[in-house]
Amino acid sequence: MRIAELAERSGVSAASIKWYVSEGLLPAGERTSYNQTSYDDDHLARLRLIRSLVEVGGLSVAAAKDVLAAADDPDHPFGNTLGIAQASLPRVAAPPSEESLRRVADVARRQGWTVHDGNPGLVAAAAVLDRYLALGRDDLAAVLPAYARAAEVVAEADLDTVSTKLDAGPATAAQTVVVGTVLGDALLAGLRRMAQESESIRRFGTGSPS
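Remember, predicted model here, so these are calculated numbers, not experimental data.

Rules behind the numbers
Residues numbered from 1 in each chain as written. Predicted model: local features only at pLDDT ≥ 70, side-chain atom pairs only at ≥ 80, totals over all residues. Heavy atoms only, no water. Axes fitted to C-alpha atoms, helices over the stretch in contact; angles between N-to-C directions. Helix = DSSP H or I, 4+ residues; strand = E, 2+ residues; numbered from the N terminus. Parallel < 35°, antiparallel > 145°, perpendicular 65-115°, else oblique. Left-handed = near helix turned anticlockwise from the far one by under 90°. Contact = heavy atoms within 4.5 Å. Nonpolar A, V, L, I, M, F, W, Y, C, P; charged D, E, K, R; others polar. Core = buried A, V, L, I, M, F, W, Y, C linked by side-chain atoms within 4.5 Å. Buried < 20%, exposed > 50% of the residue type's maximum accessible area, 1.4 Å probe, protein only. Polar contact = N/O pair within 3.5 Å; in protein donor to acceptor, adjacent residues only side chain to side chain.

Draft legend 1. Molecular detail of the packing of helix H1 (residues 3-10) against helix H3 (residues 41-56). Direction vectors running N to C along H1 and H3 enclose 40°, while the axes themselves pass 10 Å from each other. In terms of orientation, H1 and H3 fall into the oblique class. H3 is crossed by H1, and the crossing has right-handed handedness. From H1, Leu6, Arg9 and Ser10 reach across to H3, where they touch Asp41, His43, Leu44, Leu47, Arg48 and Arg51. In terms of residue class, the contact of H1 with H3 is built from three nonpolar, two polar and four charged.

Draft legend 2. Spatial organisation of the nonpolar core. Residues Leu6, Ile17, Tyr20, Leu25, Leu47, Leu53 and Leu59 are the most contacted members of the largest nonpolar core, which totals 23 residues. Looking at this core, the elements with two or more residues in it are H1, helix H2 (14-23), H3, helix H4 (61-72) and helix H9 (170-204). Leave out the neighbours within four places in its chain, and leucine 6 touches Met1, Ile17, Tyr39, His43, Leu44 and Leu47.

Draft legend 3. Geometry of the environment of serine 100. As for its placement among the helices and strands, serine 100 is situated in helix H6 (residues 98-110). For the pair serine 100 and alanine 125, spaced 25 residues apart in the sequence, the C-alpha separation amounts to 8.3 Å. Aside from chain neighbours lying at most four places away, what touches serine 100 is Ala126, Leu129 and Asp130. In terms of polar contacts, serine 100 uses its side chain to reach the side chain of aspartate 130, at 2.6 Å.

Next comes the structure, spelled out in structure tokens:
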């Protein structure tokens, strides 16, 4: 297909497609003449993946490039691919307090988790506890152990999905990690809002908004 058709089918402008190629996110098309380049369904699928990571997952183009490079490399250590996907997600602007970091680490230990000190989730969770405290709502931190138990269930589902893709090769498994980690946060947020409404109705009989 020509670049105009690729742009129409993918929802990505021709200028952005050319930029993604120049930045190494998208493989170059096949040159068919001096001023003509042909693209195929693999390019379309790749563009849809890039859009998902950037628009839904909230990644910067630079971060998307890093995670795609890891997913594309069959020799890249699988555990490192997960780490790159996690590190690519938006981070907190300021470092959290040592007290909040300790509280999150303590909950992780009680759950029996093995977590590296550099895991970005540790900082992200601790920053939320600091926000609770700044709002005078440190009581909300009491939900931390329950949230940790729920996160463990989600993590098991994540890795179950990855395990089913191992036979398809390391590239497919790595892409599953990347997509699942980046887009999984958005999916979980949506499901949480649905569950909140359902639980509210169950407890209080509150109807849904019209």
